[in-house]
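Coordinate inspection notes
Listed below, chain by chain, are the residues.
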Amino acid sequence: MDARATSPVTRRAPVRSAENPAFEREAMASGQFITLEGGEGAGKSTMLAFIETWLRDHGHRVLVTREPGGTELGERVRELLLHRHELEISPETEALLMFAARAEHLQRVIRPALHAGTTVVCDRFTDATYAYQGGGRGVARERIAALEQWVQGELRPDLTLLLDVPVALGLGRAGNRSQPDRFEREQQGFFERVRACYLERAVLEPGRFKVIDASRPPVEVQSQLARALHEAVHGEKV
Ligand SMILES: Nc1ncnc2c1ncn2[C@@H]1O[C@H](COP(=O)(O)OP(=O)(O)OP(=O)(O)O)[C@@H](O)[C@H]1O
Ligand SMILES: [Mg+2]
């Protein structure tokens, strides 16, 4: 069998046919959608440039974006959620704001790019809502799933690179970086639940997730990422 047929990132071109009602939906998602996930200080933002370069070198047109954010409204929501420490925001409101920003991001940025055949790399996406608002803050999983279905329809990432790092190590790295944001002010238990939720999701969807040991030095994290991308794009191990 052609290994590429089962690859999470390589899709066959949709067949344009009146007998293929899935065509419109398939055509909407002809680019590849890659998300980068992981806890505080795992190295997501640091590794974005490497991933972007790797994909361009392998012939992809690439759009890099982030959540919350990626649109004017999304960046304002990001500012509210991360940096307005004086605001009290309930866990449910936090989840709703994340999905409101996501709806805008999908409609204005992600779907049009995928539709144009561009590979989209997003620094955090819906797995982060499950991990932070679900695992971390206790919003019921079913509520998040209902919002996911409403906002995304059938759209899910083709590949999710999970940068996994022990909580203390990640917080130590993030602490060296800047003023703590609203999430970084949480207690260790919160971050342990976030990490556990991410890892559970990776176990449930092994075809979509690639777990990267992000505790390693940057050059080793990059070679793990290159291997994971190669496997996803070409459907073979290197
Ligand atoms: N593999 C690594 N080894 C050591 N330090 C690293 C590694 N990767 C990133 N760093 C450093 O750790 C800090 C946090 O990295 P980065 O901002 O990329 O994390 P992040 O996952 O984007 O965090 P956040 O979730 O808070 O956005 C940065 O100072 C970065 O230089
Ligand atoms: Mg970051």
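Residues numbered from 1 in each chain as written. Chains lettered and ligands numbered in written order. Predicted model: local features only at pLDDT ≥ 70, side-chain atom pairs only at ≥ 80, totals over all residues.

1. Description of the sheet that holds strand S3 (residues 119-123)
Let me state the cut-off plainly: For two strands to be treated as a pair, DSSP must find no fewer than two bridges joining them. Strands are runs of DSSP state E lasting at least two residues, helices are runs of H or I lasting at least four, and both sets are numbered from the N terminus onward. All axes here are fitted lines through C-alpha atoms, helices being fitted over the stretch that makes contact, and every angle between N-to-C directions spans 0 to 180 degrees. Each residue gets a C-beta atom placed from its backbone, and two residues are in contact if those atoms lie within 7 Å.
If you trace the five strands from one edge of the open sheet to the other, you get S2-S3-S1-S4-S5, paired in parallel fashion. Edge positions in the sheet fall to strand S2 (62-66) and strand S5 (209-213), since each of these pairs with one other strand and no more. Direction aside, neighbouring strands of the sheet carry axes that sit 20 degrees apart on average. In the sheet, S2 pairs with S3 via five bridges, with the strands oriented parallel. Note that in S3 the partner of Val-64 across the bridge is Val-121. Along the sheet, helix H2 (residues 44-57) contacts strand S1 (33-37), S2, S3 and strand S4 (159-164); its crossing angle with S3, the most-contacted strand, is approximately 170 degrees. Packed on one face of the sheet, helix H4 (residues 91-115) meets S1, S2 and S3 and runs near 150 degrees to S3.

2. A word on the nonpolar core
Soluble globular proteins tend to bury their nonpolar side chains together. The following threshold applies: Each nonpolar core comprises buried Ala, Val, Leu, Ile, Met, Phe, Trp, Tyr and Cys residues, the members being joined through C-beta atoms within 7 Å. Three exposure classes are used, based on other C-beta atoms lying within 10 Å of a residue's own C-beta, which is placed from the backbone: buried for 20 or more, exposed for 12 or fewer, and partly exposed in between.
Val-120, Leu-161, Leu-163, Ile-212 and Leu-225 are the most contacted members of the largest nonpolar core, which has 34 residues in total. By size, the runner-up hydrophobic cluster in this structure holds eight residues, among which are Val-77, Leu-81, Ala-95 and Met-98.

3. Structural notes on the environment of Pro-218
One can find Pro-218 in helix H9 (residues 218-234). The exposed category is assigned to Pro-218, around which 12 C-beta atoms lie within 10 Å. Placed 175 residues apart in sequence, Pro-218 and Gly-43 show a C-alpha to C-alpha distance of 8.4 Å.

4. Side note on helix H6 (residues 141-152)
Condition: To estimate the expected span of a helix, subtract one from its residue number and multiply by 1.5 Å.
The terminal C-alpha atoms of H6, which comprises 12 residues, lie 16 Å apart, in line with the 16 Å expected from a rise of 1.5 Å per residue. Downstream of H6 by one or two residues, Gly-153 has phi in the positive range, about 60 degrees.

5. Considering the pairing of S1
Most of S1 sits out of view: five of its five residues are buried. Along S1, one buried face is formed by Phe-33, Thr-35 and Glu-37 and the opposite face, lined by Ile-34 and Leu-36, is buried too. In the sheet, S1 pairs with S3 via four bridges, with the strands oriented parallel. Note that in S3 the partner of Phe-33 across the bridge is Val-120. Summarising the sheet, S1 and S4 pair through four bridges and their orientation is parallel. Paired with Thr-35 across the two strands is Thr-160, which belongs to S4.

6. Let's talk about the confidence of the model for the protein
Test applied: Confidence of the predictor at the level of single residues is captured by pLDDT, which takes values from 0 to 100.
Within the protein, residue pLDDT values average 88, and 86% of them lie at 70 or more. Within the model, the stretch residues 1-7 combines pLDDT values under 50 with 10 contacts to residues more than four positions away or in other chains. Contacts from residues 10-29, a stretch scored under 50 in pLDDT, to residues over four places away or in other chains number 17 contacts.

7. With respect to the site of ligand 1
We apply this condition: We call a residue near a molecule or strand when its C-beta atom, built from the backbone, sits within 6 Å of it. Under this grouping Gly is polar, as are all residues other than the nonpolar Ala, Val, Leu, Ile, Met, Phe, Trp, Tyr, Cys and Pro and the charged Asp, Glu, Lys and Arg.
Around ligand 1 sit 16 residues, and of these Gly-43, Lys-44, Ser-45, Thr-46 and Arg-173 come closest. Put simply, the parts of the chain that give the shell around ligand 1 at least two residues each are H2, helix H7 (167-175) and H9. Sorting elements by how many residues they give to the shell around ligand 1 places H2 first, with three residues. Grouping the constituent residues of the shell around ligand 1 by class yields six nonpolar, six polar and four charged.

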